[in-house]
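# Overview (structure and organization)
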Amino acid sequence: MDSRHLTLSAVLGGALLAAPALADDTAVTVGMIVPMTGPVASTGKQERAGAELYIQQHGDTVAGKKIVLSIKDDTGAADVTKRLAEELIGNDHASVLMGFGLTPLALAAAPVATEAKVPEIVTAAATAMITEKSPYIVRTSFTLPQAAAPMADWALKNGIKKVVTIVTDYGPGADAEKWFGDTFEKGGGTIAEKIRVPLKNPDFAPFLQRVKDDAPDAVFVFVPSGFGAIFMKEFTERGLDKSGIKLIGTGDVTDDDLLADIGDSALGAVTTHHYSVAHDSPENKAFVEAFEKANNGMRPNFMAVAAYDGMGLVYQALEKTKGDASGDALLAAMKGASWMSPRGPISIDPDTRDIVQNEYVRKVEKRDGALYNVEFETIPNVKDPYKAAKH
Ligand code: PHB
C-alpha cells in the first residue's frame, strides 16, 4: 500500500481498510465531479455530455487501457465535492479527477489532488487563481481575466466611455470586475459604479434600476453559466433593453445553452469568450452535429467543449505515457500539450498549467430563426493575464 492509500484511508476511516478495492491495471478511471442537481445543474449536464461524446467518438480504449468514466453529483456543495474526490481516489482508484462546476468546488478538491498526486482537470470553474492551489491542477475551461480584459479593449475602441459593472459576488465575478475595470480605466474609460449581486438567490432588479439612473454607455455583466436567463429577464423587465444602454460582458451571460430561453432581448449583446456554437470551423461543425445528435438536439455550450477537451487531454496524455496512469507521468504529459479544439487551437501552458486559447468578440444575432453568438473578431492565443502579470 503506498502513502496515498494510507493517508486517504485515514481520512475515510475503517471502511477502506476493511475492504480495499483492488486496482485494475488494465483500466483507467476518470472521476468526474459535477453538479447534476441544484442551481447549476445545466453545467453538470453539459459537462457530462461533452466527456461522454469524446469517449463515444474515440473509443473507450487508449494506449491499451480501458477508460472508465465515473460521474458523481456533488449537488454544488463543496463538502460533498471533497468527499467524492476522496472516495473516487481511495475506493475507485481514479487516476484523474475532472469537472468542478463552480470555483469553490474546484478549490475543495485541490488538497485531495495534491495529497494523492492525482491530476485535477478543471473543465468549468474559471477564477484565475485556481491553478495555483495545487501543482496537480490543469485547466481546459478558461479564466475570467482572459475573457474580460479583451472586452475592455473592444469597448475602448468602440466609443464606449462610461460603464457600470455588475458581477456575481464570488471569485470569478471579482476577477471579471477587476480585469474589465482596470483595463478599461487604464485605457481612459470611466467605471461609474461596481455592483455585486449574491450568488445565492440573485435578484438583479434593484441593481438594474441603479444602472438605469447612472445612464452609462454600457453595462458590463458577469454571471456564471446557468444564471444568464434570470439576469436577462430582469434586464428586459426594467426596460434596459430599450434604454440605449449597451449590454456587454463575458460570454457566460449569453450562454449558447440559454439563448433560446432568453429570447430577442439578447439581440445585439456583445461579449468576449472562447467558444460559440456558431464558431465557423470544420471541427466545430462536426462537434455540434454529433453533440446534438447524441443529446436530443441540446446545444453544446462552453462547458461541454471544456469537458470534451478535458477528456481529449486525458487520451493525449495516456498516449504519450504509453498507458502509464501514475499522476506525475500524466501531469508531465499534459503540460505543454496542444491540439485543435472545436473552439479553435488550444494549448496547456507548461508553466501555469492553464489554457492558452483564442478569445472571440461576438454579437448576438438571429440566423434562420435562432439566436447565436456570432464571432466577428479574433484575439489569438490569449494567456491568462493574471498569471502573465505575475511572471
Ligand atoms: C466559476 O464558478 O468559476 C464559474 C462558473 C460558471 C461560469 C464561470 C465561472 O460561467
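Not measured: the values here are computed from a predicted model.

Cut-offs applied
Residues numbered from 1 in each chain as written. Predicted model: local features only at pLDDT ≥ 70, side-chain atom pairs only at ≥ 80, totals over all residues. Heavy atoms only, no water. Salt bridge = Lys/Arg side-chain N within 4 Å of Asp/Glu carboxyl O. Helix = DSSP H or I, 4+ residues; strand = E, 2+ residues; numbered from the N terminus. Buried < 20%, exposed > 50% of the residue type's maximum accessible area, 1.4 Å probe, protein only. Arc of directions from axis to C-beta. Contact = heavy atoms within 4.5 Å. pLDDT = per-residue confidence, 0-100. Phe/Tyr/Trp six-rings, centres within 6.5 Å; stacked < 30°, edge-to-face > 60°. Lys NZ or Arg CZ within 6 Å of the ring centre and 35° of its normal.

## Some points on the pattern of salt bridges
Tallying each qualifying case throughout the model produces 17 salt bridges. A salt bridge links Asp354 to Arg139; the nearest nitrogen and oxygen atoms lie 2.8 Å apart. Taken together, the residues Asp354 in the loop between strand S13 (344-348) and strand S14 (355-367) and Arg139 in strand S6 (residues 137-139) connect sequence positions 215 residues apart. Accessibility expressed as a relative area gives 2% for Asp354, which makes it buried. Note that Arg196 is salt-bridged to Asp169, the shortest N-O span being 3.3 Å.

## Overview of helix H13 (residues 327-334)
All buried positions along H13 are accounted for by Gly327, Leu330, Leu331, Ala333 and Met334. Each buried residue of H13 sits inside an arc of 165 degrees when the element is viewed along its axis, so together they form one side. In this structure, the buried residues of H13 make contact with strand S4 (96-99), strand S5 (120-122), S6, helix H12 (302-320) and S13. Within two residues after H13, Gly336 carries a phi angle of roughly 85 degrees, on the positive side.

## Remarks on the confidence of the model for the protein chain
Residues at a pLDDT of 70 or more form 94% of the protein chain, whose mean pLDDT is 94. Note on residues 1-6: pLDDT under 50 across the span, and 9 contacts to partners over four residues away in sequence or across chains. Note that pLDDT drops below 50 for residues 8-20; the model gives that stretch 17 contacts with residues more than four away or on any other chain.

## Points about unusual backbone geometry
The backbone of Lys322 sits at a positive phi, close to 55 degrees, despite the residue not being glycine. Topologically, Lys322 is positioned in the loop between H12 and H13. The backbone of Arg353 shows a phi angle near 60 degrees, a positive value even though the residue is not glycine. The topology assignment puts Arg353 in the loop between S13 and S14.

## Let's talk about the packing of aromatic side chains
Enumeration according to the criterion identifies 11 aromatic pairs in this entry. An angle of 85 degrees between the planes, with centres 5.2 Å apart, marks the rings of Phe204 and Phe231 as edge-to-face. A residue pair is termed long-range when its members are at least 10 positions apart, and Phe204 in the loop between strand S8 (190-197) and helix H8 (205-214) and Phe231 in helix H9 (residues 228-237) qualify at 27 residues. Both residues of the pair, Phe204 and Phe231, count as buried. A centroid spacing of 5.8 Å and a plane angle of 40 degrees characterise the contact between Phe287 and Phe291, whose relative ring orientation is tilted. A residue pair is termed a helical-turn pair when its members lie 3 or 4 positions apart in one helix, as Phe287 and Phe291 do in helix H11 (residues 282-294) at 4 residues. What links up through ring pairs into an aromatic cluster is the set Tyr54, Tyr275, Phe287, Phe291, Tyr308 and Tyr315. A cation over an aromatic ring shows up here: Lys178 above the ring of Trp179, its NZ or CZ 5.9 Å from the ring centre.

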